[in-house]
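Read off the chains here:
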Amino acid sequence: MDNLGNLAQDISILHRQYYKDTGNDFKKLDLNPTATCILLTVNDHPNINQQEISERLVIDKSLTAREINRMQKLNYLDKGNGKGKSVTINLTDLGRSLMPQLRHIRQQWWTDKFAETGIDANSPLMEGIQTIVEHVTGYDNQLD
């Protein structure tokens, strides 16, 4: 790549295209791609709190709160008592039942893009991107 600064723009292009391509699939479930990311994060990190969701996904706290409240009304999420005054966020049974479908939509989009371009999913770039994400968020992206 001639200009490493273009990488941010390229990643943004992929992000927007992913949202554009998967939006209708998620809409059928009364979700949007951001809500889907929240659900997948809650699934991967039981008893997570709203602050941690915002930090892990690098999204605004108010957006996180709106999406959580909306998904709670859809019976995909519920809130519980954490330590002290903290509130934990967890999937309901209905929310858990969506996980295979949400994972499939996300996985299929990336599988298709890798197949269409001939890029190997085991590329060293993948590990590099993961390292940068962990640095930016402060979280090891391994499942808790």
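Residues numbered from 1 in each chain as written. Predicted model: local features only at pLDDT ≥ 70, side-chain atom pairs only at ≥ 80, totals over all residues. Heavy atoms only, no water.

**Digging into the pattern of salt bridges**
Part 1 of the reasoning: Applying the stated criterion across every chain, the model contains five salt bridges.
Part 2 of the reasoning: Lys113 serves as the salt-bridge partner of Asp21, at 4.0 Å between the closest nitrogen and oxygen. In this pair, Asp21 is assigned in helix H1 (residues 6-27) and Lys113 in helix H5 (residues 93-117), connecting sequence segments 92 residues apart.
Part 3 of the reasoning: Among the ionic pairs, Glu52 bridges to Arg56, the shortest N-O distance being 3.3 Å. (Salt bridge = Lys/Arg side-chain N within 4 Å of Asp/Glu carboxyl O. Helix = DSSP H or I, 4+ residues; strand = E, 2+ residues; numbered from the N terminus.)

**Brief notes about the nonpolar core**
Part 1 of the reasoning: Among the nonpolar cores identified, the biggest contains 22 residues, and Leu31, Leu39, Val42, Met71, Leu77 and Leu102 are the most heavily contacted of them.
Part 2 of the reasoning: Put simply, the parts of the chain that give this core at least two residues each are H1, helix H2 (33-44), helix H4 (61-73), strand E3 (87-91) and H5.
Part 3 of the reasoning: Those residues within four positions of Leu39 in sequence are excluded, and the remaining contacts are Leu31, Met71, Tyr76, Leu77, Leu91, Leu98, Met99 and Leu102. (Core = buried A, V, L, I, M, F, W, Y, C linked by side-chain atoms within 4.5 Å. Buried < 20%, exposed > 50% of the residue type's maximum accessible area, 1.4 Å probe, protein only. Contact = heavy atoms within 4.5 Å.)

**So, the pairing of strand E2 (residues 77-81)**
Part 1 of the reasoning: Across five bridges, the pairing between E2 and E3 is antiparallel. Counterpart to Asp78 in the pairing with E3 is Asn90.
Part 2 of the reasoning: The turn linking E2 back onto E3 is made up of five residues, and Gly84 within it adopts a positive phi angle of 60°. (Pairing = 2+ DSSP bridges.)

**A closer look at helix H6 (residues 124-137)**
Part 1 of the reasoning: The end-to-end C-alpha distance of H6 is 20 Å, a good match for the 20 Å that 14 residues give at a rise of 1.5 Å each.
Part 2 of the reasoning: Gly138 lies just past H6 and shows a positive phi near 80°. (Expected span 1.5 Å × (residues − 1).)

**Points about the sheet that holds strand E1 (residues 48-49)**
Part 1 of the reasoning: Strand order in the open sheet made by the three strands is E1-E3-E2, with antiparallel pairing throughout. Of all strands in the sheet, those bounded by a partner on one side alone are E1 and E2.

**Details of a nonpolar patch on the surface**
Part 1 of the reasoning: Taken together, the side chains of Val58, Ile132 and Val136 make up a nonpolar region of the molecular surface, amounting to roughly 300 Å² of accessible area.
Part 2 of the reasoning: Structurally, the position occupied by Val136 is in helix H6.
Part 3 of the reasoning: Under the relative-accessibility criterion, Val136 is labelled exposed at 55%. (Patch = residues over 30% accessible without salt bridge, like charges linked within 9 Å, V, L, I, M, F, W, Y side chains within 5 Å. Areas by Shrake-Rupley, 256 points an atom, 1.4 Å probe, with all protein chains shown as cover.)

Honestly, it's all geometry; don't read function into it.
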